[in-house]
Amino acid sequence: MSAMVRNEELRRPAVAALAAAGVAVGYFVAGRLGLLEQVVVAGARVTPLWPPTGIALTALLLLGLRIWPAIAAGALLVIASIGSVDAAAVAITAGNTLAPVCAYLMLRRVGFRPELDRLRDGLALVFLGALAGMLVSATIGSGALLVSGALPASGFWATWSAWWVGDAMGVLVVAPVLLVARTISRPGQGARRIEPVLVLAATAAAAYVAARSPLNLLFLVFPLIIWAALRFELAGAAPCVLAVSVLTVTAATDGVGPFADRSVLDTMVILQALNGSAALTGLLLAAIVSEQRSTQRRIQQACDELGEVVARLAPGRDPRPGPPDRDGS
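In this text, all values refer to a predicted model and were calculated from it rather than measured experimentally.

**Let's talk about the packing of helix 2 (residues 52-63) against helix 4 (residues 87-109)**
Then, in step 1: Where helix 2 contacts helix 4, the axes come no closer than 9 Å and their chain directions differ by 45 degrees. It follows from the interaxial angle that helix 2 and helix 4 lie oblique. In terms of crossing hand, the pair formed by helix 2 and helix 4 is right-handed. Counting all contacts with helix 2, which are made through A56, L57, L60 and L61, the residues of helix 4 involved are P100, V101, A103, Y104 and L107.
Then, in step 2: Taken together, the residues that form the contact of helix 2 with helix 4 break down as nine nonpolar, no polar and no charged.

Here it is as structure tokens:
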């Protein structure tokens, strides 16, 4: 028995170390992918969509506050891969770590559930996890560039706003996909198995065409996102929103479709308005549908239990067990 206990005690640190390494590597890989699509705002390079913020917040929600050193390590590795590690880099690393930590603490304060099956959870993720929490990283990061001289004072607010929106979109787009991935069940048979694949494929195709067409057709993705949310809740809506965001960010950085011949500011406004609206539509509608279906299940369960009670108390039926018949039955 003592040997089993000792093995269990040794296994726990090993599992924790493996989880931390996975988070750091995941942050680094997502950061490198995010850096593939950059825009220059007031001389500073920022990303319209920063996936590591979604990975960091998800890791904190699932693994707890003890995982923050892995987030810091991943953030520092991303910065080290593109430049030297100086005081500004350390400050940016601190901001990228503090932002998801603050978002996590605020979400835990309001009783957030990672299942995202209530409207209040969707609203909390949007306004506390994304919009409020990412103010920290944008402020510290832009401030560090300003103090170091890499950013002129006239470009502070433009860089700050682009940084904030990119980090917030990382939470809104990536975190729901990761949260739902751990609870997604195997699809049913026949049409039930094919339909979610068709919805995702149709959304990706519509987003690709709309993002690269010279016509303003970006609104075409919304009926498909609504369809996915109504039919499959967050498990359907989250991947569709991710596909829309990735394809539109790629088109925006390539300067094609509705983003052609536009200034960086105009491009960022159109891009973030679209991605933000898509994320809000999918996330909040999926949460409402989940909450309604959960309420219906509870009502059905209560009706079934009430029916059993009524059946026992029906006239002509004694709910108490009577004495056995003479034949012993």
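**A few points about the environment of G95**
Then, in step 1: Turning to its location among the elements, G95 is positioned in helix 4.
Then, in step 2: For the pair formed by G95 and A138, sequence separation is 43 residues and the distance between their alpha carbons is 7.6 Å.

**Remarks on the pattern of salt bridges**
Then, in step 1: For the structure on display, the rule yields five salt bridges.
Then, in step 2: For R118, the salt bridge is made with D121, and the minimal N-O distance between the two is 2.8 Å.
Then, in step 3: Classification of R118 by relative accessible area gives buried; the value is 15%.
Then, in step 4: On the basis of relative accessible area, D121 is assigned to the buried category, the value being 1%.
Then, in step 5: Linking R293 and E233 is a salt bridge whose minimum nitrogen-to-oxygen distance equals 2.8 Å. Here R293 is found in helix 10 (residues 264-312), whereas its partner E233 is found in helix 9 (residues 221-254), with 60 residues between them in sequence.
Then, in step 6: Residue R293 is classed as partly exposed on the basis of its relative accessible area of 28%.
Then, in step 7: We classify E233 as partly exposed; its relative accessible area is 21%.

**Re empty space enclosed by the protein**
Then, in step 1: All told, the structure shown has one cavity of 30 Å³ or more when counted by the stated rule.
Then, in step 2: If you add up the space inside the largest cavity, you get close to 50 Å³.
Then, in step 3: Every residue along the wall of the largest cavity is listed here: L172, V173, P176, V177, L234, A238, V241, A279, G282 and L283.
Then, in step 4: Broken down by secondary-structure element, the contributors of at least two residues to the lining of the largest cavity are helix 7 (156-181), helix 9 and helix 10.
Then, in step 5: Its residues assigned to classes, the lining of the largest cavity shows nine nonpolar, one polar and no charged.

**Remarks on the side chain of S245**
Then, in step 1: Tracing the sequence through the fold places S245 in helix 9.
Then, in step 2: Aside from chain neighbours lying at most four places away, what touches S245 is L49, V173 and N275.

**Some remarks on the packing of aromatic side chains**
Then, in step 1: Counted under the stated rule, the structure contains three aromatic pairs.
Then, in step 2: Consider the rings of W157 and W160, whose centres lie 5.6 Å apart with planes at 75 degrees: the pair is edge-to-face. Of this pair, W157 and W160 both sit in helix 7, three residues apart, roughly one helical turn.
Then, in step 3: Classification of W157 by relative accessible area gives exposed; the value is 60%.
Then, in step 4: When the ring of W160 is compared with that of W164, the centres are 5.7 Å apart and the planes differ by 20 degrees; the resulting orientation is stacked. Pair noted here: W160 and W164 are both in helix 7, with a separation of four residues, about one helical turn.

So, how was this worked out
Throughout this document, residue positions are counted from 1 along each chain, in the order its sequence is written. Thresholds applied to this predicted model are a pLDDT of at least 70 for local features of residues and 80 or more for the giving and counting of side-chain atom pairs; totals over whole chains, interfaces and linings are not thresholded and use all residues. As a convention, hydrogens and water are excluded, and side-chain values are obtained from all of the structure's heavy atoms. For helices, the fitted line uses only the C-alpha atoms of the stretch in contact; every axis is such a line through C-alpha atoms, and the angle between N-to-C directions lies from 0 to 180 degrees. Helix and strand definitions follow DSSP, with helices as H or I runs of at least four residues and strands as E runs of at least two, each counted in order from the N terminus. By definition in this entry, angles of less than 35 degrees are roughly parallel, angles greater than 145 are roughly antiparallel, angles of 65 to 115 are roughly perpendicular, and the rest are oblique. Note: crossing handedness is left-handed where the near helix turns anticlockwise from the far helix by less than a right angle, and right-handed where it turns clockwise. Contacts are residue-level and defined by heavy atoms, with any inter-residue pair within 4.5 Å sufficient. Think of it as three bins: nonpolar holds Ala, Val, Leu, Ile, Met, Phe, Trp, Tyr, Cys and Pro, charged holds Asp, Glu, Lys and Arg, and polar takes everything else, Gly as well. Counted as salt bridges are all cases of a side-chain nitrogen of Lys or Arg within 4 Å of a carboxyl oxygen of Asp or Glu. Working definition: with a 1.4 Å probe on protein chains only, accessible area under 20% of the residue-type maximum means buried, over 50% means exposed, and in between means partly exposed. The distinction between a cavity and a pocket rests on a 1 Å grid over the protein atoms alone: a 1.4 Å probe fits inside a cavity but cannot get out, while a pocket stays open yet meets protein on both sides within 12 Å along at least five of seven lines, and a residue with an atom within 4 Å of a point counts as lining. Grid points are joined across faces, edges and corners, and a volume is the space filled by probe spheres set on the points. Stacked, edge-to-face and tilted labels apply to pairs of Phe, Tyr and Trp rings (six-membered ring for Trp) whose centres lie within 6.5 Å, assigned for plane angles under 30 degrees, over 60, and everything in between, in that order.

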